[in-house]
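Coordinates in review
Here's the letter readout for the chains.
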Amino acid sequence: GVELRSLGNTPDEFRQDMLSNLYYRRGTTVESASAQDAYETLALTVRDRLAERRARTAAAQYESNPRWVYYLSAEYLLGPQLEQNLLYSGTSEAAHKALEACGFKPEEIAALDVEPGLGNGGLGRLAACLLDSLATLDIPAVGYGIRYDLGIFRQEFQDGRQIERPDDWAFQGDPWEFPAPDDVQTVGFYGHVDERDGRKVWQPGEVVLGEPSHLLVPGYGTTTVNIVRLWRARAHQASFDLTRFSAGQYAEAVQDAVRAENISKVLYPDDSTAAGRELRLKQQYFLVSCSLRDIVRRFRLRNSDWDAFGSKTAIQLNDTHPVLAIPELMRLLVDEEGLDWDHAWSLVRQTFNYTCHTLLPEALETWPVDMLGRLLPRHLEIIYLINAGLLEEVRSRFPGDIDRVRRMSLIQETPERLVRMANLAVTGTTMTNGVAELHTQLLTSTVLRDFHDLWPSRFANVTNGVSPRRFVRLASPGISALISSGLGHDRWLTDLSLLSGLEALTGDASFREQWREVKRSAKAALGLGDPGALMDVMIKRFHEYKRQQLKLLHVITLYQRIKAGGYDGVPRTVLFGGKAAPAYQAAKNIIHLINAVAAAVNADPAAAGLLRVAFPANYNITLAEHIIPAADLSEQISMAGKEASGTGNMKLTLNGALTIGTLDGANIEIRDRVGADNFFLFGLDAPAALALRSGPYQPRDHYHADDELRAALDAIRSGAFGGVGHDVAASLLDRDEYLTLADYRSYVDAQAGVDAAWRDQDHWTTMSILNTARAGFFSSDRTVTDYLDRIWHATPVRVEG
Ligand SMILES: CCc1ccc([C@H](C)CC(=O)N[C@@H]2O[C@H](CO)[C@@H](O)[C@H](O)[C@H]2O)cc1
């Protein structure tokens with residue numbers, strides 16, 4: 001075929017390409033170019049180098065007709081793209097020189113790199129880390145998602161309260177994406193089901209277009225460049241009503257178009273409560289329908305026999321959000337392709353796998369039968385047929401156990417008829433996995449116990465991981481350089497187990513000193529507290545089970561100890577970061593109280609140099625990359641049994657922060673690997689918490705029994721912090737659903753242990769180095785390798801460089 005001349009990477013060649021892009025693609029000159037012009041041009045010039053590798057990858061993957069991994073996720077938190085693509089294309093230096101030669105400051109241009117905030121938190125970022133590792137391991141893979149016009153809201157504080165602003169992330173356009181209108185798909189909604197010569201035919205009542213664009217997902221240290229394809233809803237051109245328009249009914253003329261485009265308008269900002277909105281269900285089906293049609297189109301390029309579909313295609317469902325893919329593929333195979341039910345069902349089950357990311361009952365999605373039946377009449381029929389097969393199997397395995405049949409049914413009958421999406425997910429897939437050992441154990445012994453009894457071999461654990469490129473190399477070039485100089489290589493970036501080589505350096509005083517210095521300068525660069533003070537960090541979405549309220553009670557206790565005089569705690573900066581779902585008032589009350597306490601403490605000269613509270617607004621990936629390298633202490637203090645895994649805990653450990661935490665989620669595996677001596681453990685474990693929670697728990701008993709706890713709560717109730725927080729104190733004293741008061745004393749005492757350890761800086765630094773050295777397991781490369789071994793069974797396709 002036609003050979004592509006490869007692009008040069010010398011500073012001069014790079015600058016030449018930037019200039020021609022500035023002139024020919026941006027249509028301006030160096031003299032009149034704005035910073036935005038420079039940013040867009042730089043992005044295009046870097047993108048071209050990755051696009052060249054993408055062309056090679058696509059050719060090699062097409063050639064080898066491999067088994068594909070398709071990742072279906074309603075959320076992706078990809079993070080800012082520029083620094084990543086400069087690193088992965090090896091053009092950072094050439095780019096910096098080229099920008100300076102054109103009179104631009106590289107850091108100014110980098111600041112224009114907005115992150116696509118197409119996710120809420122853990123689930124969305126995990127999806128991005130897994131795609132990064134799939135490409136780095138040369139696995140043929142495509143991520144599918146929704147290109148929301150408005151991502152996760154921008155958080156602002158007004159009088160300490162969270163305010164949500166729309167996030168029009170692509171207002172200036174996005175230089176990193178490749179629109180591909182030629183691959184447009186058609187998606188139906190509503191309507192009715194006909195029967196024609198023995199086949200069911202769905203006649204949708206509404207049709208919208210799904211237009212894809214993709215971003216490049218480069219592998220690190222390899223040629224492979226995969227893609228993430230994001231769908232955007234567009235109106236069917238026929239929907240613009242010219243007659244109405246010419247009759248002056250402008251709004252009506254475009255209402256269908258607006259209705260269509262609303263489907264991908266905005267990301268739902270909830271990360272724990274299924275809101276049950278019809279538009280959200282439309283979003284989920286839109287994602288599923290476009291993606292499956294695209295997957296079938298790609299399959300057909302190299303294959304014709306449906307039986308090869310299951311062997312060539314592994315589709316991962318990222319939580320229940322894309323689980324409509326199961327009845328949708330049944331519809332395509334049975335109604336459109338004419339396969340018989342059993343044949344289609346075996347192909348569907350073979351193709352799909354499901355990852356569950358939560359244990360919270362309110363986060364498990366259910367949809368009203370009538371809503372689903374109205375929006376997707378044929379899919380409801382198919383779900384009923386799937387349910388019939390399931391219940392027949394349950395009845396034969398557990399004869400007479402009607403309670404089990406009622407619990408396992410895909411349909412909840414009373415009080416309201418709901419479709420249970422988690423039950424459908426387990427039934428229609430080969431493997432279901434949890435995201436940490438404790439999580440998977442709790443899943444198979446509680447929420448999904450019945451299914452585990454029926455199909456024990458369908459369950460596996462795959463503990464989460466994080467990208468070492470994004471969260472060590474890019475976030476903390478200082479620590480990375482020290483690790484590479486300590487180990488004498490940077491191969492750890494693609495084999496994180498090599499970090500274990502750092503253990504031997506704990507005895508080297510100059511290495512310890514350099515380690516301390518790197519942390520210090522990261523704190524100085526963050527500029528949110530005295531670089532010499534202990535940086536105590538709690539960064540994650542706000543939720544009562546994560547217990548930001550417990551961290552706040554500790555802050556108030558420290559403050560009251562300072563006010564009482566004779567304070568012997570070590571100087572500490574307590575940094576909070578995170579958003580609350582807009583409708584989650586209890587979480588927003590905690591944010592309000594934190595800002596009120598921060599205002600009091602930071603304004604009080606008595607606390608100066610001893611205690612400071614920082615709460616930068618709009619926590620996102622960009623901010624995480626600045627905070628994580630500066631952290632000394634990582635707060636992972638959720639009620640045991642509630643945090644499925646956590647991934648912030650892994651990022652902080654890899655950056656040498658010590659964890660204070662409960663035996664919850666992946667904290668347990670972190671402690672097992674870094675060593676109990678290098679971890680500050682406290683609190684009830686999962687069985688004890690469950691027992692206390694399900695027993696006659698009286699939070700007030702702790703209030704009466706613990707003077708410091710009572711003093712802290714009374715301060716809030718007395719209005720000491722600007723009169724803010726009555727609701728928070730009341731909910732703790734009346735209900736305390738997540739056992740905050742029960743764990744308070746153990747937590748505060750563990751924090752005294754932190755102070756003691758910090759006083760011996762050499763000891764602390766040794767523990768810090770050991771945390772990094774022993775955390776290689778938490779690489780998303782290891783996570784992907786586990787998915788490949790236990791669930792996907794796909795193999796690498798090497799791409800010539
Ligand atoms: C229906 C609303 C909704 C939206 C998102 C979610 C996500 C599953 C919430 C989430 O992000 N869960 C987090 O997933 C991480 C990646 O596996 C885990 O590390 C976290 O423990 C888990 O809370 C639940 C419910």
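Analysis parameters
- Residues numbered from 1 in each chain as written.
- Predicted model: local features only at pLDDT ≥ 70, side-chain atom pairs only at ≥ 80, totals over all residues.
- Heavy atoms only, no water.
- 1 Å grid on protein atoms, 1.4 Å probe; cavity = no way out; pocket = protein on both sides within 12 Å on 5 of 7 lines; lining within 4 Å.
- Points joined across faces, edges and corners; volume = space filled by probe spheres on them.
- Helix = DSSP H or I, 4+ residues; strand = E, 2+ residues; numbered from the N terminus.
- Nonpolar A, V, L, I, M, F, W, Y, C, P; charged D, E, K, R; others polar.
- Domains from an automatic or database assignment.
- Patch = residues over 30% accessible without salt bridge, like charges linked within 9 Å, V, L, I, M, F, W, Y side chains within 5 Å.
- Areas by Shrake-Rupley, 256 points an atom, 1.4 Å probe, with all protein chains shown as cover.
- Salt bridge = Lys/Arg side-chain N within 4 Å of Asp/Glu carboxyl O.
- UniProt positions renumbered as here; feature names shortened; annotations may be inferred.
- Buried < 20%, exposed > 50% of the residue type's maximum accessible area, 1.4 Å probe, protein only.
- Contact = heavy atoms within 4.5 Å.
- Pairing = 2+ DSSP bridges.

**Describing the layout of surface pockets**
Considered as a void within the structure, the largest pocket measures approximately 740 Å³ in volume. Lining of the largest pocket is provided by 28 residues; of these, L359, P361, L364, T446 and V447 occupy positions nearest its centre. Of all elements in the fold, only α16 (421–427), α17 (437–445), α18 (449–454) and α27 (686–694) reach the threshold of two or more residues within the lining of the largest pocket. Considering every element that reaches the lining of the largest pocket, the biggest residue donor is α27, with four residues. When its residues are assigned to classes, the lining of the largest pocket shows 15 nonpolar, six polar and seven charged. Split by domain, the lining of the largest pocket shows at least three residues from each of two domains, domain 2 (65–80 + 115–463 + 787–792) and domain 3 (522–774). Computed from the structure, the second largest pocket encloses a volume of approximately 600 Å³. Surrounding the second largest pocket, 24 residues form its lining, L474, A475, P477, E625 and H626 being those nearest its centre. Among the elements of the structure, α3 (82–89), α4 (92–101), α19 (468–474), α20 (477–487), α21 (509–526) and α24 (621–627) are those that each provide at least two residues to the lining of the second largest pocket. Counting residues per element, the lining of the second largest pocket draws most heavily on α21, which supplies five residues. Counted by class, the lining of the second largest pocket contains 13 nonpolar, seven polar and four charged residues.

**Some remarks on a nonpolar patch on the surface**
Together, F240, L242, F245 and Y250 give the surface a local cluster of nonpolar side chains, amounting to about 420 Å² of exposed area. Positionally, F245 belongs in helix α7 (residues 242–246).

**Regarding the UniProt feature "modified residue: N6-(pyridoxal phosphate)lysine" (unreviewed entry) in the protein**
Residues annotated in UniProt with the feature "modified residue: N6-(pyridoxal phosphate)lysine" (unreviewed entry) correspond here to K651. Summarising the element assignment, K651 is placed in helix α25 (residues 648–654). According to the relative accessible area criterion, K651 is buried, its value standing at 9%. When near neighbours in sequence (up to four residues on either side) are disregarded, K651 contacts R125, V466, F471 and I628.

**Quick notes on the environment of E252**
Looking at the secondary structure, you find E252 in helix α8 (residues 250–261). The partly exposed category is assigned to E252, whose relative accessible area is 32%.

**A word on the sheet that holds strand β16 (residues 411–412)**
Strand order in the open sheet made by the three strands is β15-β17-β16, with antiparallel pairing throughout. Taken across any chain shown, the strands that pair with only one partner, and hence form the sheet edges, are β15 (366–368) and β16. Pairing geometry for β16 and strand β17 (residues 418–420), over two bridges, is antiparallel. Paired with I411 across the strands is V419, a residue of β17.

**Some details on the pattern of salt bridges**
Counted according to the given criterion, the structure contains 63 salt bridges. A salt bridge links E177 to R147; the shortest N-O distance between them is 2.9 Å. Pair noted here: E177 is in strand β7 (residues 177–179) and R147 is in the loop between β4 (141–146) and β5 (154–158), with a separation of 30 residues, a long-range link. With its nearest N and O atoms 3.3 Å apart, the salt bridge here joins D714 to R717. Taken together, the residues D714 and R717, both in helix α29 (residues 707–717) and three residues apart, mark about one turn of the helix. In this structure D714 comes out as partly exposed when scored by relative accessible area, which is 29%. Accessibility expressed as a relative area gives 37% for R717, which makes it partly exposed. Members of the salt-bridge network, linked through shared partners, are R147, D149, E177, R232 and K265.

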